[in-house]
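# Tertiary structure, described
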Amino acid sequence: MTLLHGQHFNGQDSQSRPAQMELTDQGIMRFKDATGTLRSLYPHDRSVSPPMGNTPMRIRFGEGEQFVTEQIEDLQHYLAKHEEGRLERGVHHMEQRWRWVTVSLLVVVAFIWGIFQYGIPWTAQLVTAMLPTSADQHLGKQSLKLLDYLAFKKTHLSDKDQTHYQKLFQQTVATLPKREHLPYTLHFRSAPKIGANALALPSGDMIVTDAFIKLLKTDQEFQSVLAHEIGHIYQRHSVKLVVRSALLSLTASMLIGDPSSSFNDIAMSAGLMVQQLSYGRSFESQADQFAITFMKAQQIPASAFVNILSRLEQSHRVKKKEQQGLEYFSSHPLTSKRIAHIEQALGTH
Amino acid sequence: MFTARARDYFKIWIVNWALTILTLGIYSAWAKVRRNRFFYNHTIIDGHNLEYTADPIRILKGRIIAAAFVIPMVVLEQMQDLQLKLISNAIYFMILMLLPAVIVMAMRFSLRNTEYRGIRFNFEGKMGKSYLVYMLWTIIGSVSMGLLFPIAYKKQTEYLLVNSHFGQSPFQAKPPLLDRHFYGVFLLFFLEMAVLSGGLLALNSLLSDISTEFPIEYTFIFSAIPFVLFVAFFIAVTSVFRAAVFELVWSQTHLSTLSFSCDLSKSRIFWIALSNLFLRVISLGFLSPLATIRMKKYMLSSIQVETTATAKNHFLADNRDNQSGSTAEGLDDLVGFDFGI
């Protein structure tokens, strides 16, 4: 039999009175109050509050009465022997052992990483599949309007050149897969601020800048870039990106349910931004793959794509970003990596 | 006296997170109870600690009901379809309309599940009054371009204080809370913000002058620095504001024959808040428990209770059978409010 010393509160007034609790081997607790009166408490007469660190433990009984003791080891030992409150004791046990704490830490880290790396892309894929192509249409048309307003001017390309490239465009897209209600159209623009570039909007609108046309040396170079851009449209990358952003903010705001951590806003925005850029990189690789498939089918050599890519890179003088380590912060994989991959896939000529 | 240690809280915090994740959020109700019990049990007044007696199952039910409203609202908000967006806005509006009622229910649940020396606390605020201070006065505050907002805030704080009870004894403000004290706190806040903004604008122009020496890729770092500092200081200044209100209220709080006093240094609060932010960011959130404990410890330790030897034994319990619904508690959690003094 174990004897516990502690305080008794009767639940009626705030006075604390010294008392004792006997813990018998038969599983009965006997409460002895300040006046010496003895009361037997069977298991259903009492409930023990779950342990909490090194703080005193409470045994509740009667009408709001409680016995508070600091002899928590004795009480816990007794409870373990008589198998009471297993679940709460289990959790308390976990919180005490650093081994379990480390396991918990790993679980949390793995979970957060998993959500951002796999959970969100997978859900985005699902949601995008459910969205009709009218979403892509809408998104693309809005972007085009904005770009025309902000950065684009009327093209300076000669009619002859325009006809030539339009024809080339039609020939190329005829061989590429397309989606219902998403026709591919070619637009020419002059964009001195942007330089040489070819953009694919989700509505199927493809825009090439005059500077880009100037960089081209062969028709096959044009075709390979075209295929890459069409790859973006066909695989609905812009829409996926928008869906992912929405999911990211949704998840982030759910995880930050804790009102005491207001710092998260900053950390999250930074993290989100970086994540967004990395999604962009995987999309670029997918578009490259799309182009590679096209080039294989049309028997276009790797050099066609590789050369225009190099020229594009030089024209933008992104050499500084190409330094090792900064890749994570840029939205395109390093051009050198892309070139290596393309040459490997198609074989250098 | 606050005896909690950061390392102990960290263990509870991380196990809470792990189990919540593994149970897909169900454990969160138990996690909340464990968290509150940890803080309450380590708060010792005159040799005895507080206890949190909420039943996790009721909290879970509340959270599920709340989620049933909030999750559709958030999802629909992201949709492009105008009709769906309208439904989302309708739900949000409805929640807004119910907010004063939710506050009352949350306070009741929270206080009635707080116990000291065998006596439970209570909240007796009337619904009507809640709507008056939280809805009408908030509108008055905004309509007056913020000029009357400190008064609205004072009325809300006062409402929460005077309707809180320990057993049969109500809390009181003696002398009563004054409007001008609250104006003082708000003015201090704006003053700090003004100084802060001024300083950062100066820093910003200094940095842009320097940045012209560097290649163009690095300019964004120079513009990011003032921005990051601004956010950090803003968070710290907000903490100071909350602490100032805390000090103001507790200095004038009385409970029957008990009186409280509160003395804290705002500059210390500022420093704790700023360093806490730094700790959280550096550790990617994993040192949050330490940050929480640091702030709570300082704020709780700043309160003193004055009473006579016998008075403390003469509080009586309020034994009318009161069990409040826990939906309010659930909704609170999900939407991120934190009530209570």
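Residues numbered from 1 in each chain as written. Chains lettered and ligands numbered in written order. Predicted model: local features only at pLDDT ≥ 70, side-chain atom pairs only at ≥ 80, totals over all residues. Heavy atoms only, no water.

## Re unusual backbone geometry
Following Lys 174 of chain B, the chain continues to Pro 175 of chain B via a peptide bond in cis, the omega torsion being -5 degrees. Considering the arrangement of structural elements, one finds Pro 175 of chain B in the loop between strand 6 (169-173) and helix 7 (179-211). Positive phi values are uncommon outside glycine, yet Gln 299 of chain A reaches one of about 55 degrees. Tracing the backbone through its elements, the reader meets Gln 299 of chain A in the loop between helix 9 (264-298) and helix 10 (302-316). A relative accessible area of 69% means that Gln 299 of chain A is categorised as exposed. The backbone of Asp 46 of chain B shows a phi angle near 55 degrees, a positive value even though the residue is not glycine. Turning to its location among the elements, Asp 46 of chain B is positioned in the loop between strand 1 (44-45) and strand 2 (48-52). Using a relative accessible area of 44% as the deciding quantity, one classes Asp 46 of chain B as partly exposed. (Helix = DSSP H or I, 4+ residues; strand = E, 2+ residues; numbered from the N terminus. Buried < 20%, exposed > 50% of the residue type's maximum accessible area, 1.4 Å probe, protein only.)

## Some details on the confidence of the model for chain B
Residue and element names in this part refer to chain B. Taken as a whole, chain B shows an average pLDDT of 82; of its residues, 87% reach a score of 70 or greater. At the low end of the mean pLDDT range in chain B sits helix 11 (residues 327-335), at 49; at the high end sits strand 2, at 91. Considering only residues more than four positions removed or in separate chains, one finds that residues 321-326, a stretch of pLDDT under 50, has 15 contacts. Counting contacts from residues 331-341, a segment whose pLDDT is below 50, to residues more than four positions away or on other chains yields 26 contacts. Here the prediction assigns the complex a pTM of 0.71, and the interface score ipTM is 0.79. (pLDDT = per-residue confidence, 0-100. Contact = heavy atoms within 4.5 Å.)

## What about the packing of helix 2 (residues 28-41) of chain B against helix 10 (residues 288-301) of chain B?
All names here are of chain B. In contact at an axis separation of 12 Å, helix 2 and helix 10 are set at 40 degrees when each is read in the N-to-C sense. With respect to their mutual orientation, helix 2 and helix 10 come out oblique. Viewed along their axes, helix 2 and helix 10 form a crossing whose handedness is right-handed. Residue-level inspection shows Arg 35, Phe 38 and Phe 39 of helix 2 in contact with helix 10, the latter providing Thr 292, Ile 293 and Lys 296. The class makeup of the residues in the contact of helix 2 with helix 10 is three nonpolar, one polar and two charged. (Axes fitted to C-alpha atoms, helices over the stretch in contact; angles between N-to-C directions. Parallel < 35°, antiparallel > 145°, perpendicular 65-115°, else oblique. Left-handed = near helix turned anticlockwise from the far one by under 90°. Nonpolar A, V, L, I, M, F, W, Y, C, P; charged D, E, K, R; others polar.)

## Some details on a nonpolar patch on the surface
All names here are of chain B. Residues Ile 65, Phe 69, Met 94 and Leu 98 make up a contiguous nonpolar surface patch of about 330 Å² in total accessible area. For the nonpolar patch, the secondary-structure elements that each account for two or more residues are helix 3 (56-78) and helix 4 (82-112). Positionally, Ile 65 belongs in helix 3. (Patch = residues over 30% accessible without salt bridge, like charges linked within 9 Å, V, L, I, M, F, W, Y side chains within 5 Å. Areas by Shrake-Rupley, 256 points an atom, 1.4 Å probe, with all protein chains shown as cover. Salt bridge = Lys/Arg side-chain N within 4 Å of Asp/Glu carboxyl O.)

## Some details on the sheet that holds strand 9 (residues 185-190) of chain A
All names here are of chain A. The mixed open sheet is built from four strands, whose spatial order is 8-9-11-10. In this open sheet, the two edge strands, each paired with only one partner strand, are strand 8 (153-154) and strand 10 (198-200). The strands touched by helix 5 (residues 159-174) are strand 9 and strand 11 (205-209); relative to strand 9, the strand with the most contacts, the crossing angle is about 145 degrees. (Pairing = 2+ DSSP bridges.)

## Observations concerning the sheet that holds strand 6 of chain B
Whether parallel or antiparallel, the strands of a sheet pair through hydrogen bonds between backbone atoms. Residues and elements named next belong to chain B. Overall, antiparallel pairing links the nine strands, which are arranged 1-2-3-4-5-6-7-8-9 in an open sheet. A single partner strand is all that each edge strand has here, and the edge strands are strand 1 and strand 9 (303-306). Where strand 7 (residues 253-255) meets strand 8 (residues 258-262), two bridges bridge the pair, whose relative direction is antiparallel. Within the sheet, the bridge partner assigned to His 254 lies in strand 8 and is Ser 259. Together, strand 2, strand 3 (114-116), strand 4 (119-123) and strand 5 (164-166) form the strand contacts of helix 4, whose direction differs from that of strand 4 by roughly 170 degrees.

## Quick word on the nonpolar core
Ranked by internal contacts, the top residues of the largest apolar core, which has 78 residues, are Phe 38, Phe 166, Leu 264 and Ile 269 of chain B. In terms of residue count, helix 8 (residues 219-251) of chain B provides more of this core than any other element does, eleven residues in total. Setting aside its immediate chain neighbours within four residues, Leu 264 of chain B contacts Ala 243, Phe 246, Glu 247, Ile 269, Tyr 298, Met 299 and Ser 302 of chain B. Of all hydrophobic cores here, the second largest spans 40 residues; its members include Leu 186, Ile 300, Ala 304 and Leu 346 of chain A. (Core = buried A, V, L, I, M, F, W, Y, C linked by side-chain atoms within 4.5 Å.)

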